[in-house]
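A closer look at the structure
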4 protein chains.
Amino acid sequence: MTKFFSALLLVLMLAFSSYADEPESNDKRAILIVSFGTSMPEARKAIDNLFDAAKNNFPDYEIKLAFTSNIIRRKIAREENLNIQNPVQALAELNDSGFKKVYVIPTHIIPGEEYDEIKNVVEAFRTLSKYGFKEIKLARPFLNNYKDCEAMAEILISRFKDFLEKNSDTAVILMGHGTPEHPANALYALLQLALNNKMPNRIFLGTVESAPSIDDILLGLKNNLDIKKLVLSPFMIVAGDHANNDLAGEDDEESWLNILKKNGYANITTYLHGMGEDEKIADMFIKKLNALINED
Amino acid sequence: MTKFFSALLLVLMLAFSSYADEPESNDKRAILIVSFGTSMPEARKAIDNLFDAAKNNFPDYEIKLAFTSNIIRRKIAREENLNIQNPVQALAELNDSGFKKVYVIPTHIIPGEEYDEIKNVVEAFRTLSKYGFKEIKLARPFLNNYKDCEAMAEILISRFKDFLEKNSDTAVILMGHGTPEHPANALYALLQLALNNKMPNRIFLGTVESAPSIDDILLGLKNNLDIKKLVLSPFMIVAGDHANNDLAGEDDEESWLNILKKNGYANITTYLHGMGEDEKIADMFIKKLNALINED
Amino acid sequence: MTKFFSALLLVLMLAFSSYADEPESNDKRAILIVSFGTSMPEARKAIDNLFDAAKNNFPDYEIKLAFTSNIIRRKIAREENLNIQNPVQALAELNDSGFKKVYVIPTHIIPGEEYDEIKNVVEAFRTLSKYGFKEIKLARPFLNNYKDCEAMAEILISRFKDFLEKNSDTAVILMGHGTPEHPANALYALLQLALNNKMPNRIFLGTVESAPSIDDILLGLKNNLDIKKLVLSPFMIVAGDHANNDLAGEDDEESWLNILKKNGYANITTYLHGMGEDEKIADMFIKKLNALINED
Amino acid sequence: MTKFFSALLLVLMLAFSSYADEPESNDKRAILIVSFGTSMPEARKAIDNLFDAAKNNFPDYEIKLAFTSNIIRRKIAREENLNIQNPVQALAELNDSGFKKVYVIPTHIIPGEEYDEIKNVVEAFRTLSKYGFKEIKLARPFLNNYKDCEAMAEILISRFKDFLEKNSDTAVILMGHGTPEHPANALYALLQLALNNKMPNRIFLGTVESAPSIDDILLGLKNNLDIKKLVLSPFMIVAGDHANNDLAGEDDEESWLNILKKNGYANITTYLHGMGEDEKIADMFIKKLNALINED
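Residues numbered from 1 in each chain as written. Chains lettered and ligands numbered in written order. Predicted model: local features only at pLDDT ≥ 70, side-chain atom pairs only at ≥ 80, totals over all residues. Heavy atoms only, no water.

For chain A, the helix and strand inventory stands at twelve helices and eight strands. In terms of overall dimensions, chain A is globule-like: its C-alpha atoms have a radius of gyration of 20 Å, near the 19 Å expected for 296 residues. For chain A, the spread of C-alpha atoms along the three principal axes comes to 70 × 40 × 35 Å. Counting all 296 residues of chain A, 60% fall into the buried class. Within chain A, contacts between residues separated by at least 24 positions form 78% of all contacts whose residues are at least 6 apart in sequence. Side-chain charges in chain A split into 33 positive and 43 negative, and the spacing between the mean points of these groups amounts to 3 Å. (Helix = DSSP H or I, 4+ residues; strand = E, 2+ residues; numbered from the N terminus. Rg over C-alpha atoms; globule rule 2.2 N^0.38 Å. Buried < 20%, exposed > 50% of the residue type's maximum accessible area, 1.4 Å probe, protein only. Contact = heavy atoms within 4.5 Å. Lys, Arg positive; Asp, Glu negative; His and termini not counted. Charge placed at Lys NZ, Arg CZ, Asp CG, Glu CD.)

Here it is as structure tokens:
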């Protein structure tokens, strides 16, 4: 049984025990982890990893999980008979189970539209009294400013050090999700700046939906003709559909793999692991949780 | 199987069907009836009656029920293994089931603290986008102004006409709930004014928790020495704990029944039916729903 | 120069001094008194009285005045060349002048529509940071619950004791404003209950716009045939237009004075002073301010 | 008399005419331009230019100006005896003058902290009824997404085309303001990407307060050894304090001018004009206003 399923089992057990006549203390605390979700069961180990890190670091807290994607929630309900709540349902249940202090943390990389909607939900619960909490706070996502980008750049350089240190002819190509209209999309460009400052022209970051694009990556490669070998990897918490199809899909003509091949790169390795599986990312996640819980 | 249980069964079925892949139309509409709740199963027929009235008058709408009292919700869960949602849970589920327009109507008599909290919940959902609705509106409770009091006075005079018309020596004593701090409690005094204007000194209204009190009723009776017989009845939607104990409890020394006996009234009849069982009240409820749904 | 004009002068001086380079302390505190306003200069002494009471009791606070009626504000600007701010303008200026803690107190008698709008304004400023305050709180109006009604009943009995004690054939007729749709209008009926409990059938309260009405007062008088003489007085903070015309207007056929005359009451005295002129009302006002400032 | 002073005169005239008994139409519309402000009178022509563009393009609208910087507002009040309102005061006055539809547009380049606070103000007025508007909307700042960055890149290339086309050894160095904590700061990095895509390595953008920094610019210059001559210009709406001191200050050892000199660049030209003076920027401003007013 994967950790993910253990977590879900716990969630379900909690749901059924929520009417027990427990004495209500002012100290019942919970952490709600909010993810977009993934419908690929094997990809969930990235979310499991963050969930477990929270569990290990905050043993006295209830750790709860919610997904924001209705399509994924319904697919899991249909195919696996598992009911994963959306953030509103999860907070309503935490309230009903007597939790008084709740710390919400997204697994999102940038504060884009998805994050704004989670923020709306937290603000809405803040206006409630009987159905709200004594304290409810929302953590920031992974990337907010240049300091975050510098920390992330270091994690990425460390994550791919085997490729980068041993082979000066190798570049790492990262695929982020991106969002075309939201200002937060610009954080990908800021992260690229931090990457270039720490290790110039070896890690190239693009997005599926906006800028920087695969064209920007190709331009960067053209300016660095020493690079012969590429490593493709998702810059997403979970290695799901985008990683397997849009990035590394062999059958998809428009996958980055095929675009890069068409552009003359024959030596391409894929590293299809969600960032959430990385212990350094889990550490960053816990650091954000600690800051959230302890800040005034 | 009572109507209440049918309603609950439907609620539960809805819960389990909520992930079905129905095409989402912009017209899925629901009515959410919000009651304080009652833990006495036989008293629920008053809520059933309002529920059924909504069902019959709005056949194309989902009709859903929520209770605000956590104590009652937990008692029902424990004793009857029935999970009745609170308003936040109910709205979260309606959203998750694809409803786009939701009309919330309380069964409350006055816009007091309970109503304010329901209003908070509706306002909170109004700030949500993905987890909210295209339209969400909240109906007013039964008594808001003098016009409402006049309509209610007529219903009460009609409700007790057998006692009032046949016996000029009979007064009806009504017990409302009351709330000591909230301005809305004053509506009981305003209703008394409307009652006095339509049929002077025959129906006396008091509250358990505030003014007018049983002392005010006693004063009114002393000023009307022709009155020899009394009819006691709850001025509450449900004839539950307050009606059976605080009003008509024979063993409770401080019940109004015993207080009135001690004050010399030997001929006392009790009429322990929730106002919600009254068809005229159900009509008033439907009128409020119609106004809510059709108003701009 | 009346106190009102002194206050205004101060307001204007404050306006022109607001850009001075004062060092901003965290302790600059202000009280904002919000009144509907009156266009009759001689009626303003009632507001002056409350203003002065605040000034005397809170010597370290800036005391500021705002009117909610645009018609009255414009009339005063036109006729007296005085610019009295509305509540939003007044709060914007307090912020701009560096005040950090602001206590808003209405002169309103009931928490009706006018009060709701002031509450909206205070809530709106609560959401602001740079243009808001470290603390902003809103006091309740004079009448909120039965306890308030009891305190007000005692003030009224004391206010009219010369008429009531010396002449058992005299009743006091009070005219409140009233609001037809808002639940808070019911507080007039609740105050009548408190009056009847303390001194039965000697003070009759009606409203211009809703229930209780002059008809209800006439009904009360008919039930108390000992009453031969009447004293008419406004139950409003200011004795302005309503007091002089709707209540005591000799030329207005529908004034209460003329209605009561037509109903056979020949001996009618008028007492046309705003409640705000009464020291006991000023004390109640200061009590509410103290509670507001000192509550958590 | 500069256009700025004409505008102010109008604002003051409006203030004094606001109590006139004009019939209130539902169509009184205003545009509120919100700028940080500048205390250098000669720099205001950039704001004047945007103000006039609005005036010419929306002749039926009241055009009003507010500054967000209290320090600047107080300096202007002290030194020039001119009272420029903050956004709350300006909106309060528009409401008091009977305007029903108000369109707020910032002159800010990125949606950072300043923009968030303006958004707060607009949201607060949206919750008001009597003191609010029938419609109030807030325009986006100049840079929100990659499309905006592409449009801005084209404007910049055109703005400096004399330097860029004629001299292939010349680079333009732009100084933006920057904000260290806010995600929106990343838009400067995104704009650099757009600049590089349209004209590689000829325009280098940095910020005073965050990344990209002058160090990032120096790194870029080192990678482009053909560049011998530099043009320094502010990437700010107004060429005020930052442009004259932090960018081009000869006496300030840490000015970019001196830093670049120390790094070996002897041929440096300064172009100290606010972006707001540029007709293409004014066109972009009007385009945003049109979109705001006409969008649903």
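Our next topic: the interface of chain C and chain D. Opposite the 31 residues of chain C that make contact, chain D presents 31 residues. Summed over both partners, the interface of chain C with chain D comes to about 2,700 Å²; 48% of that surface belongs to carbon and sulfur atoms. At the boundary of chain C and chain D, one finds four salt bridges. With a shortest N-O distance of 2.9 Å, D96(D) and R73(C) are connected by a salt bridge. The interface formed by chain C and chain D includes twelve residue pairs in polar contact (both at pLDDT 80 or more). At the level of elements, α3 (70–80), α4 (87–96) and α5 (113–126) of chain C are the ones that each hand at least two residues to the side of chain C that touches chain D. For the side of chain C that touches chain D, the class distribution of residues is eleven nonpolar, eleven polar and nine charged. (Buried area = accessible area lost by both parts, 1.4 Å probe. Salt bridge = Lys/Arg side-chain N within 4 Å of Asp/Glu carboxyl O. Polar contact = N/O pair within 3.5 Å; in protein donor to acceptor, adjacent residues only side chain to side chain. Nonpolar A, V, L, I, M, F, W, Y, C, P; charged D, E, K, R; others polar.)

Between chain A and chain D, which share one sequence, the superposing operator has a rotation angle of 180° and an axial displacement of 0.0 Å; the RMSD is 0.0 Å. Those values place the two copies in the arrangement expected of a two-fold rotation axis. A symmetric contact is evident, with 100% of the interface residues of chain A recurring at the interface of chain D. (Least-squares fit on C-alpha atoms with pLDDT ≥ 70 in both.)

Counted under the stated rule, the structure contains 47 salt bridges over all chains. Ionic pairing is found between K64(A) and E93(A), a salt bridge with its closest N-O pair at 3.2 Å. Here K64(A) is found in strand β2 (residues 62–67), whereas its partner E93(A) is found in helix α4 (residues 87–96), with 29 residues between them in sequence. Accessibility assignment for this pair places K64(A) and E93(A) in one class, buried. One salt bridge in this structure joins R44(D) and E80(D), with 2.6 Å as the shortest N-O distance. On the criterion of sequence distance, the pair formed by R44(D) in the loop between β1 (29–35) and α2 (45–57) and E80(D) in helix α3 (residues 70–80) is long-range, its members being 36 residues apart. You can call E80(D) partly exposed: its relative accessible area is 22%.

A pair of packed helices is captured by two measures, namely the crossing angle of their axes and the spacing between those axes. All names here are of chain B. Packing of helix α6 (residues 146–159) against helix α8 (residues 187–198) leaves a shortest axis separation of 8 Å and a crossing angle of 60°. It follows from the interaxial angle that α6 and α8 lie oblique. Regarding α6 and α8, the two cross each other, and that crossing is right-handed. Residue-level contacts link Y146, C149, E150, M152, A153, E154, L156 and I157 of α6 to L187, L190, L191, L193, A194, L195, N197 and K198 of α8. Across the contact of α6 with α8, the residue classes break down as twelve nonpolar, one polar and three charged. (Axes fitted to C-alpha atoms, helices over the stretch in contact; angles between N-to-C directions. Parallel < 35°, antiparallel > 145°, perpendicular 65-115°, else oblique. Left-handed = near helix turned anticlockwise from the far one by under 90°.)

On to the arrangement of the chains, then. The least C-alpha distance between chain A and chain C, which are not in contact, is 12 Å. You won't find any contact between chain B and chain D; their C-alpha atoms come no closer than 12 Å.

To summarise the sheet geometry, strands pair through backbone hydrogen bonds and adopt either a parallel or an antiparallel arrangement. Residue and element names in this part refer to chain C. Overall, parallel pairing links the four strands, which are arranged β6-β5-β7-β8 in an open sheet. In this open sheet, the two edge strands, each paired with only one partner strand, are β6 (203–207) and β8 (267–270). With strand direction ignored, the average angle separating the axes of adjacent strands in the sheet is 25°. Of the pairings in the sheet, the one linking strand β7 (residues 229–234) to β8 comprises four bridges and is parallel in character. Directly across from L230, in β8, lies its bridge partner I268. (Pairing = 2+ DSSP bridges.)

Turning our eyes to something else, we now look at the sheet that holds β1(D). Residue and element names in this part refer to chain D. Strand order across the open sheet formed by four strands is β2-β1-β3-β4, with parallel pairing between neighbours. Here the strands that pair on one side only, and so sit at the sheet edges, are β2 (62–67) and β4 (135–138). Ignoring strand direction, the axes of neighbouring strands in this sheet form an average angle of 20°. Pairing of β1 with β2, which is carried by six bridges, proceeds in the parallel orientation. Of the residues in β2, the one forming a bridge with S35 is F67.

Here we come to the interface of chain A and chain D. As a measure of interface size, the accessible area lost when the parts come together is often cited. Counting residues at the interface gives 20 residues for chain A, matched by 20 residues for chain D. Counting across the interface, chain A meets chain D through zero salt bridges. Summed over the shared surface of chain A and chain D, the number is four residue pairs in polar contact (both at pLDDT 80 or more). Elements with a minimum of two residues in the side of chain A that touches chain D: α8 (186–198) and α9 (214–222) of chain A. A total of six residues in the side of chain A that touches chain D trace back to one element, the largest contributor, which is α8(A). Each residue belonging to the side of chain A that touches chain D can be placed in one class, and the counts come to twelve nonpolar, five polar and three charged.

All names here are of chain D. Counting buried residues along strand β3 (residues 101–106), six of its six residues qualify, which places the element largely inside the surrounding structure. When β1 meets β3, the two strands line up parallel, connected through six bridges. What sits directly across from V34, in β3, is P106. By the bridge criterion, four bridges tie β3 to β4 in an arrangement that is parallel. Looking at β4, one finds that Y103 is bridged to K137.

Below, the discussion takes up helix α4 (residues 87–96) of chain B. Residues and elements named next belong to chain B. Burial runs high along α4: ten of the ten residues are buried. Taken together, the buried positions of α4 are occupied by P87, V88, Q89, A90, L91, A92, E93, L94, N95 and D96. Measuring from the backbone nitrogen of V88 back to the side-chain oxygen at the start of α4 gives 3.0 Å, which picks out N86 as the cap.

Quick look at the packing of aromatic side chains now. Counted by the stated rule, this structure contains 28 aromatic pairs over all chains. Here the aromatic cluster, defined as three or more aromatic residues joined through ring pairs, consists of F58(A), Y61(A) and Y103(A). Directly above the aromatic system of F99(C) lies the positively charged group of K28(C), at a separation of 4.5 Å from the ring centroid. (Phe/Tyr/Trp six-rings, centres within 6.5 Å; stacked < 30°, edge-to-face > 60°. Lys NZ or Arg CZ within 6 Å of the ring centre and 35° of its normal.)

Turning next to the side chain of R159(C). Residue and element names in this part refer to chain C. Locating R159 in the fold gives a position in helix α6 (residues 146–159). By relative accessible area, which is 12% here, R159 ends up buried. For R159, the side chain forms a polar contact with the side chain of D278, separated by 2.8 Å. The residues touching R159, leaving out its near neighbours within four places in the chain, are Y271, H273, G274, M275 and D278.

Okay, the packing of α2(D) against helix α12 (residues 279–294) of chain D next. Residue and element names in this part refer to chain D. Put simply, α2 and α12 touch, their axes get as near as 9 Å, and they point 50° apart. The angle between α2 and α12 places the two elements in the oblique class. The interaxial crossing formed by α2 with α12 has right-handed handedness. Of α12, the residues touching α2 (which contributes N49, L50, A53, A54 and N57) are E279, I281, A282, F285, I286 and L289.

Attention shifts here to the confidence of the model for chain A. Should the pLDDT be low somewhere, the predicted coordinates at that spot are not to be read in detail. All names here are of chain A. Residues with a pLDDT of 70 or more make up 91% of chain A, whose mean pLDDT is 93. In the model, residues 8–23 has pLDDT below 50 throughout and makes 29 contacts with residues more than four positions away in sequence or in other chains. Across the interfaces of the predicted complex, the ipTM metric reaches 0.91, alongside a pTM of 0.92. (pLDDT = per-residue confidence, 0-100.)

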